[in-house]
Amino acid sequence: VDRQAAAGAVESARLTRTPGTTPEDAARLRQSVPLEVPPAPQTAALALLRVPVRGGSEAAVTVLGRAVRPAPAADPVYVWLLLPEALLPHLSGDLHALAAVAAAIPLEPALPLAEPLPFPAAPTWSQDSRIALLRAALALVGGDFDRLRRLAGAALHPAGLLIQQFPGDLADRLTLIQALLLLLPAPLRARMTFTTHTTAPAGGPPAIVFSDQSGSDRWRYQADSGTFDTPPPMTAYLAYLGDLWQGDVAALVPALRGLDALALHLLPGQPLEDGLRLLVQRHQLEQALQQRQPVTADALLVALTGSAPPAGEQRTLYLERLLLAALEERHTRAAAFVAHAMDEDSALDDRLAPLLETALTTGPDAVYVFVRARLTENNAEHWLARLHAAARQSLLVAVEQGDSTTVIEWLRLIAREPARYQLGEMLYTGLLAAADRTDEDGGLAIDLLTLAVKRAANAVPALLQNPRLVAALPADVHAAVIDHRREAIESIAGQSRELFLLALLEATTAHTLCITIPMIKALWELYQAPGSAVLAEPYQPINVMRRLLAGTPDCMDEGALETLLTLLLTGGEDTLFRDMVPQVAPAAFGDALASALEQSGRSLEDSFTLLGQLAADGKLSHQAHIDIHESLFLNSSDETLQEQVAENLARLLSQYMDVTAATGVLWKLLEHAAEMRSDLLVRVASKRLLADFNDIATESGMVEALLRLRKLTSWSSVARTIILTWWRNYARSQPAPQLQKLEKILESRRGPLADDFRHILHTAIALRRLIGQKTLEEFADDISTAYRVLQALADGFDPDPRQPMSIDMTTLRTMMGARLEDLSPDMRQVLATNLKELAQIITELAENRSRPNLLGRDESVDRALMTGEQQPESALDVMKFLSGYLDGSQQPRSETQGNGDGR
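Described in the following lines is the structure provided in the data block. (Residues numbered from 1 in each chain as written. Predicted model: local features only at pLDDT ≥ 70, side-chain atom pairs only at ≥ 80, totals over all residues. Heavy atoms only, no water.)

Details of the overall build of the chain
Line of reasoning, step 1. The secondary structure content of the chain amounts to 44 helices and 10 strands.
Line of reasoning, step 2. Computed over the C-alpha atoms, the radius of gyration of the chain is 63 Å, more than 25% above the 29 Å expected from 2.2 N^0.38 for a compact globule of 903 residues.
Line of reasoning, step 3. On the principal axes, the C-alpha backbone points of the chain span a range of 215 × 70 × 55 Å.
Line of reasoning, step 4. Relative to its 903 residues, the chain shows a buried fraction of 45%.
Line of reasoning, step 5. In the chain, 63% of the contacts between residues at least 6 apart in sequence involve partners at least 24 apart. (Helix = DSSP H or I, 4+ residues; strand = E, 2+ residues; numbered from the N terminus. Rg over C-alpha atoms; globule rule 2.2 N^0.38 Å. Buried < 20%, exposed > 50% of the residue type's maximum accessible area, 1.4 Å probe, protein only. Contact = heavy atoms within 4.5 Å.)

Given below as structure tokens:
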């Protein structure tokens, strides 16, 4: 308590103070707090302010000041109360309680002071007291609520509020100040400072100043006229107070108390304007929720995700309304938020699930959007079940009640969903159900087929078997997809990618010969165009190409296969080409691929490499490999190319023994062999042709083919060896009648080439006559018998140079006659004939020797015959030749040296 006369120095003041305070504290407070005793006697002034702690530090204390003149002639008395920090928030703007405490301080000096002072233990505010206070304050401003709320806005403004010409006493001024505080949210009231009288109204603290002095930049309010010099700005909060004011204080106070409850959570930590704006939004939201008014999902999300979200049961109510708003607005972010909250709280899920169940009957599409927002992140079984239920109900409603556009839009939505949503079966069912409505709309039939080709290939067969859908198809589409007409398929290629691919695949499945070159080119363009991955797998261009290749003989027109293979090769799609080749029907493969290789412009080496890779990978059979080379060889007009292909073909034929080669190709290879003087070509072609000679129907045909072969290969000793070896083997395997027929035919074909074959036949027939059907053992026995007979004749009857003898014919007759009884007359005649003919044969044998010298022996000729160096020229020579052969005196020699078959 500072009792001081006039404005004297503090040293002259009479102080009564609590322990811990000093005269300097009193002086500082007098200087810091704009508070003066009002001029009227026995009146007081009150001030509330934050004052820096002594020493000028940033710390401050809250000071309640009271100035009073006890008597008209008495000195003014100042009471300074240092308030606890928690007191003002606790009182929530109840200034009358503070004024009562200050008024209770005794003004007599040197009296002991109560310590601590008796501050109120609890706020004294009640709803009725607030209503009474606001009504009293309204009376002080002429009943104008707009004036009152603008005064509150000016007090909140950094410039502060100056009230002049206010006629009331301290109680009226406190009533007005408390009313302004009451219009502000509770957390702001503890920060609001004021002075009820000062002659120094300059800017800065406090916020509310009562003074009749000028010279301030505050928002100035003239109480006597009820006007502002310049109206303070209308903030969002002030505007909202205007919305809340309905002319009834009793209705306004509950709304203000609702703002207080929210402000305790929303304002701390927020800038003033942002906090007040957030407070307004939240209170509006709360009011709307309480009154069941429409609330946007965004507004609810702001509240639930803000810095002070609702909690407990209030949060659950918010989530209920957010779920309903998400369903109504198709708000995916709100849906995801609610769904995650349901995932985190099973009790909340149980509480909100019935809302989803109810919505399934009224708006299944909204439920679908809601659930899908949850499944965007990951799958959960119960959410998948909800999605399926919503999709099923939505499709049912669309098919039964919606128009064609609605039906197809729903089906497209389901078709575009990720596979993990497991909606494939539902899409299939929906497509088939919608097909029954196509008789109402032909366009729907097209849309259903198009969608099935994109997303549900398994539904295509069922759709095409639906008579309503088929009947609803436009004529051009029907002609392409159902009737497989060429011109229709070509026409539809430029209209609908999906229907074109469908038509191609249907024609292939039906084995209809209708796929043309323009279709292949259109298919290739689709393959190269982006976006084919959106099609169902069977209808992707690459897979349609595979099906076409597999069905080539049945469905592809002339040139179509070559075109497709050429495009693959020209486009550098070697990997794809190698992958597709095994699917080509073998019957149409060789010529087509050969033509494609030639038309693609690729080098021959590149083509050979590609074919070799296919064969090595097992994707090209040996026979197909040969067929392609044959086609390249026959159809090429480039001689250099033909030579390269011929050599490669010959190598392949020698490598692949299990394949067949076309006879025409082999003859042409021989022609090239003659031109190129290629032993490889002649060897391969000769052997292959000879292998087929056994199948020639007539002997004359075989002889002609054999002579042709020999003529074409006359330049080659290798070919002569191969051919004559084959001919000897053939002659050995044939029966004697067949050999005789061939020999007769060859008799009419004179010339060195025919002589080779004729000599072989003659020798074979002769040897066949010599041995006949005997085994060599039997033949050896016959030779032994003949030898013994001839040896006995020679030993008994040939003249001996050392002892010449004379043969007695009588003795011959007598001895033979004595034994004639051993023979029948017929056998006697046979023996006589044989002896005569045997003598003739021996004579002929001797006369036909290689060296016709019966009187002497030419040992060199005999040795040459025995060793196989001398060509046998007679039967006697043959006997000697065979003798040398059998006892191993002969060495194998090449055919060009004239030996037999090398054995």
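Next comes the rest of the write-up.
Looking at the side chain of Arg150
Line of reasoning, step 1. Mapped onto the elements, Arg150 comes out in helix α5 (residues 145-156).
Line of reasoning, step 2. Among the residues examined, Arg150 registers a relative accessible area of 19% and is labelled buried.
Line of reasoning, step 3. With residues near it in sequence (within four places) discarded, Arg150 still touches Phe228, Pro231, Pro232 and Met234.

Quick look at the packing of helix α8 (residues 236-244) against helix α9 (residues 249-266)
Line of reasoning, step 1. The geometry of α8 relative to α9 is characterised by a closest axis approach of 10 Å and an angle of 145° between their N-to-C directions. Between α8 and α9, the residues in contact are Tyr237, Tyr240, Leu241 and Leu244 and Leu252, Ala255, Leu256 and Leu259, respectively.
Line of reasoning, step 2. Residues that form the contact of α8 with α9 fall into these classes: eight nonpolar, no polar and no charged. (Axes fitted to C-alpha atoms, helices over the stretch in contact; angles between N-to-C directions. Nonpolar A, V, L, I, M, F, W, Y, C, P; charged D, E, K, R; others polar.)

Considering a nonpolar patch on the surface
Line of reasoning, step 1. A cluster of nonpolar side chains, Val789, Leu790, Leu793, Phe797, Leu838 and Ile842, forms an exposed patch at the surface whose accessible area comes to about 450 Å².
Line of reasoning, step 2. Where the nonpolar patch is concerned, the elements lending two or more residues are α40 (776-797) and α42 (825-847).
Line of reasoning, step 3. Tracing the backbone shows Leu838 in helix α42. (Patch = residues over 30% accessible without salt bridge, like charges linked within 9 Å, V, L, I, M, F, W, Y side chains within 5 Å. Areas by Shrake-Rupley, 256 points an atom, 1.4 Å probe, with all protein chains shown as cover. Salt bridge = Lys/Arg side-chain N within 4 Å of Asp/Glu carboxyl O.)

Let's talk about the pairing of strand β6 (residues 161-164)
The side chains of a regular strand alternate, residue by residue, between the two faces of the sheet.
Line of reasoning, step 1. Across the two faces of β6 the burial is the same, with Leu161 and Ile163 and Leu162 and Gln164 all buried.
Line of reasoning, step 2. The sheet contact formed by β6 and strand β8 (residues 208-210) spans three bridges and is parallel. Residue Leu161 lies in a different strand from β8, and its bridge partner there is Ile208.
Line of reasoning, step 3. Relative to strand β9 (residues 219-222), β6 is paired through four bridges, and the arrangement is parallel. (Pairing = 2+ DSSP bridges.)

With respect to the packing of aromatic side chains
To describe a pair of aromatic rings, one takes the distance between the centres and the angle between the planes.
Line of reasoning, step 1. Counting across every chain of the model gives 12 aromatic pairs.
Line of reasoning, step 2. Here Phe166 and Phe210 contribute two aromatic rings whose centre-to-centre distance is 5.4 Å and whose plane-to-plane angle is 75°, an arrangement assigned as edge-to-face. In this pair, Phe166 is assigned in the loop between β6 and α6 (170-183) and Phe210 in strand β8, connecting sequence segments 44 residues apart.
Line of reasoning, step 3. Aromatic side chains Phe693 and Trp726 sit 5.8 Å apart centroid to centroid with 85° between the ring planes, which places their arrangement in the edge-to-face category. Of this pair, Phe693 sits in helix α35 (residues 679-693) while Trp726 sits in helix α37 (residues 717-733), and the two are 33 residues apart along the sequence. Considered together, Phe693 and Trp726 belong to a single accessibility category, that of buried residues.
Line of reasoning, step 4. Put simply, the rings of Phe693, Trp726, Trp727, Tyr730 and Phe757 touch in pairs and so form one group of aromatic residues.
Line of reasoning, step 5. Lying over the aromatic face of Tyr78, Arg30 brings its terminal NZ or CZ to 4.2 Å of the ring centre. (Phe/Tyr/Trp six-rings, centres within 6.5 Å; stacked < 30°, edge-to-face > 60°. Lys NZ or Arg CZ within 6 Å of the ring centre and 35° of its normal.)

With respect to unusual backbone geometry
Line of reasoning, step 1. In this chain, Pro205 is followed by Pro206 through a cis amide linkage whose omega measures 0°.
Line of reasoning, step 2. One can find Pro206 in the loop between β7 (194-195) and β8.
Line of reasoning, step 3. At Gln422, a position not held by glycine, the phi torsion is positive, near 60°.
Line of reasoning, step 4. Considering the arrangement of structural elements, one finds Gln422 in the loop between α17 (404-416) and α18 (424-435).
Line of reasoning, step 5. You will see that His484, though not glycine, has its phi angle at about 60°, which is positive.
Line of reasoning, step 6. Within the secondary structure, His484 sits in the loop between α22 (475-482) and α23 (486-492).

Brief notes about helix α38 (residues 736-747)
Line of reasoning, step 1. Counted at 1.5 Å a residue, the expected span for α38 with its 12 residues is 16 Å, and the 16 Å between its end C-alpha atoms agrees.
Line of reasoning, step 2. Buried-residue contacts for α38 involve α36 (699-712), α37 and α39 (752-771). (Expected span 1.5 Å × (residues − 1).)

Remarks on the pairing of strand β4 (residues 60-68)
Line of reasoning, step 1. Across the nine residues that make up β4, a large majority, seven, are buried.
Line of reasoning, step 2. The sheet contact formed by strand β3 (residues 44-52) and β4 spans nine bridges and is antiparallel. Along β4, the bridge assignment pairs Ala47 with Gly65.
Line of reasoning, step 3. Bridging between β4 and strand β5 (residues 77-83) involves seven bridges; their strand directions are antiparallel.

Describing the nonpolar core
Across soluble globular proteins, nonpolar side chains have a tendency to be buried as a group.
Line of reasoning, step 1. With 183 residues, the main nonpolar core has Phe370, Leu411, Ile515, Leu669, Phe693 and Trp727 as its most contacted residues.
Line of reasoning, step 2. Apart from the residues lying within four places of it in its own chain, the contact partners of Leu669 are Phe633, Ala646, Leu649, Leu653, Leu681 and Ala685. (Core = buried A, V, L, I, M, F, W, Y, C linked by side-chain atoms within 4.5 Å.)

Structural notes on α22
Line of reasoning, step 1. If you check which residues of α22 are buried, you get Val477, Ala479, Ala480 and Val481.
Line of reasoning, step 2. Two residues or fewer past α22, His484 is found with a positive phi of approximately 60°.

Some thoughts on a negative patch on the surface
Line of reasoning, step 1. A cluster of like negative charges, contributed by Glu598, Asp638, Glu639, Glu643, Glu647, Glu671 and Glu675, occupies part of the molecular surface.
Line of reasoning, step 2. Every element with two or more residues in the negative patch is listed here: α33 (639-655) and α34 (663-676).
Line of reasoning, step 3. The biggest single contributor to the negative patch is α33, with three residues.
Line of reasoning, step 4. Its place among the elements puts Glu639 in helix α33. (Lys, Arg positive; Asp, Glu negative; His and termini not counted. Charge placed at Lys NZ, Arg CZ, Asp CG, Glu CD.)

Focus on the side chain of Ser600
Line of reasoning, step 1. In this structure, Ser600 sits in the loop between α30 (589-599) and α31 (604-616).
Line of reasoning, step 2. Residue Ser600 is classed as buried on the basis of its relative accessible area, which comes to 13%.
Line of reasoning, step 3. Of the polar contacts made by the side chain of Ser600, one reaches the backbone oxygen of Leu597; its length is 2.8 Å.
Line of reasoning, step 4. Beyond its immediate stretch of four places on either side in the chain, Ser600 contacts Thr566, Leu569 and Thr570. (Polar contact = N/O pair within 3.5 Å; in protein donor to acceptor, adjacent residues only side chain to side chain.)

Section: the packing of α8 against helix α10 (residues 272-290)
Line of reasoning, step 1. One can describe the packing of α8 onto α10 by two numbers: an axis separation of 8 Å at closest approach and a directional angle of 30°. Considering their axes alone, α8 and α10 lie roughly parallel with respect to each other. Of the residues in α10, those touching α8 at Ala236, Tyr237, Tyr240 and Leu244 are Leu276, Leu279, Val280, His283, Gln284 and Gln287.
Line of reasoning, step 2. Here the residues of the contact of α8 with α10 are counted per class, giving seven nonpolar, three polar and no charged. (Parallel < 35°, antiparallel > 145°, perpendicular 65-115°, else oblique.)

Thoughts on the pattern of salt bridges
Line of reasoning, step 1. This model, assessed by the stated rule, comprises 26 salt bridges.
Line of reasoning, step 2. In this structure, Glu313 and Arg351 form a salt bridge, with 2.8 Å as the shortest nitrogen-oxygen distance. Residue Glu313 is located in helix α12 (residues 312-329), and its partner Arg351 is located in helix α14 (residues 346-362); the two are separated by 38 residues in the primary sequence.
Line of reasoning, step 3. By relative accessible area, Glu313 is classed as partly exposed at 43%.
Line of reasoning, step 4. Arg749 serves as the salt-bridge partner of Glu704, at 2.5 Å between the closest nitrogen and oxygen. In this pair, Glu704 sits in helix α36 while Arg749 sits in the loop between α38 and α39, placing the two residues 45 residues apart along the sequence.
Line of reasoning, step 5. Note on Glu704: relative accessible area 39%, which makes it partly exposed.
Line of reasoning, step 6. Given a relative accessible area of 27%, Arg749 falls into the partly exposed group.
Line of reasoning, step 7. What emerges from the salt-bridge pattern is a single network uniting Arg130, Arg189 and Asp260.

The values reported here are purely geometric and, on their own, carry no functional implication.
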